[in-house]
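Chain residues, written in single-letter form:
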Amino acid sequence: MLGWGVDRLRADMSRLLAILFHQGVLDEQFLQLQQLQDESSPNFVSEVVNIYFHESEKLLRNLRGLLLDREFSDYKKMGIHLNQFMGSSSSIGANRVRNVCVAFRAASEQNNRAG
């Protein structure tokens, strides 16, 4: 009975991943990340994704702080945070997040706070 539950969870995970790939949320980099997981590190992907979420939370908090500052003028600092976010998103295959970072960085390079 337990085996059926595991099989169902795997099938659900496969369907979810297929949807995320189809929608452009994930890209082939995520597949490469999955290939690094093996018996010696069975939780590799979940550990990497958890680190990504933890670090992303910090970067988003920093970006929010910069944007809420009425006297904000440090677009270089914003660019540094965006580059970090873009790089980590690229490394795990978070394609849609990376694309948003690219657009955000382009606006910050033009010193366009509203963009």
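Under an unreviewed UniProt entry, the name given to the protein is Histidine-containing phosphotransfer protein, and the organism recorded is Salix brachista. Quoted verbatim from the Function (unreviewed entry) heading of the UniProt record, the comment on the protein is "Functions as a two-component phosphorelay mediators between cytokinin sensor histidine kinases and response regulators (B-type ARRs). Plays an important role in propagating cytokinin signal transduction."

Peer 1: Which parts of the structure should I look at to understand the pattern of salt bridges?
Peer 2: Under the criterion given, the structure shown has 3 salt bridges. Linking Asp-12 and Arg-15 is a salt bridge whose minimum nitrogen-to-oxygen distance equals 2.2 Å. In this pair, Asp-12 and Arg-15 are both assigned in helix α1 (residues 2-22), 3 residues apart and thus about one turn of the helix distant. Taking relative accessible area as the criterion, Arg-15 reaches 49% and is therefore assigned partly exposed. The salt bridge involving Arg-61 is made with Glu-57; its shortest N-O contact spans 4.0 Å.

Peer 1: Is there a simple way to explain the layout of surface pockets in this structure?
Peer 2: The gaps left among the atoms become clear once a water-sized probe is rolled over them. Approximately 470 Å³ is the volume found for the largest pocket. Lining of the largest pocket is provided by 18 residues; of these, Met-13, Leu-17, Phe-30, Val-45 and Val-49 occupy positions nearest its centre. Secondary-structure elements contributing two or more residues to the lining of the largest pocket are α1, α2 (28-35) and α3 (44-68). The dominant element in the lining of the largest pocket, judged by the number of residues it contributes, is α3, at 5 residues. When its residues are assigned to classes, the lining of the largest pocket shows 14 nonpolar, 4 polar and no charged.

Peer 1: Looking at this structure, how should I read helix α5 (residues 95-109)?
Peer 2: Given 3.6 residues to a turn, an α-helix orients residues that are three or four positions apart in the same direction. With 15 residues, α5 extends 21 Å between its outermost C-alpha atoms, agreeing within 8% with the 21 Å of an ideal straight helix rising 1.5 Å per residue. Lining the buried residues of α5 we find α4 (75-92). At the exit of α5 stands Asn-111, carrying a positive phi of roughly 55°.

Parameters and conventions
- Residues numbered from 1 in each chain as written.
- Predicted model: local features only at pLDDT ≥ 70, side-chain atom pairs only at ≥ 80, totals over all residues.
- Heavy atoms only, no water.
- UniProt positions renumbered as here; feature names shortened; annotations may be inferred.
- Salt bridge = Lys/Arg side-chain N within 4 Å of Asp/Glu carboxyl O.
- Helix = DSSP H or I, 4+ residues; strand = E, 2+ residues; numbered from the N terminus.
- Buried < 20%, exposed > 50% of the residue type's maximum accessible area, 1.4 Å probe, protein only.
- 1 Å grid on protein atoms, 1.4 Å probe; cavity = no way out; pocket = protein on both sides within 12 Å on 5 of 7 lines; lining within 4 Å.
- Points joined across faces, edges and corners; volume = space filled by probe spheres on them.
- Nonpolar A, V, L, I, M, F, W, Y, C, P; charged D, E, K, R; others polar.
- Expected span 1.5 Å × (residues − 1).
- Contact = heavy atoms within 4.5 Å.

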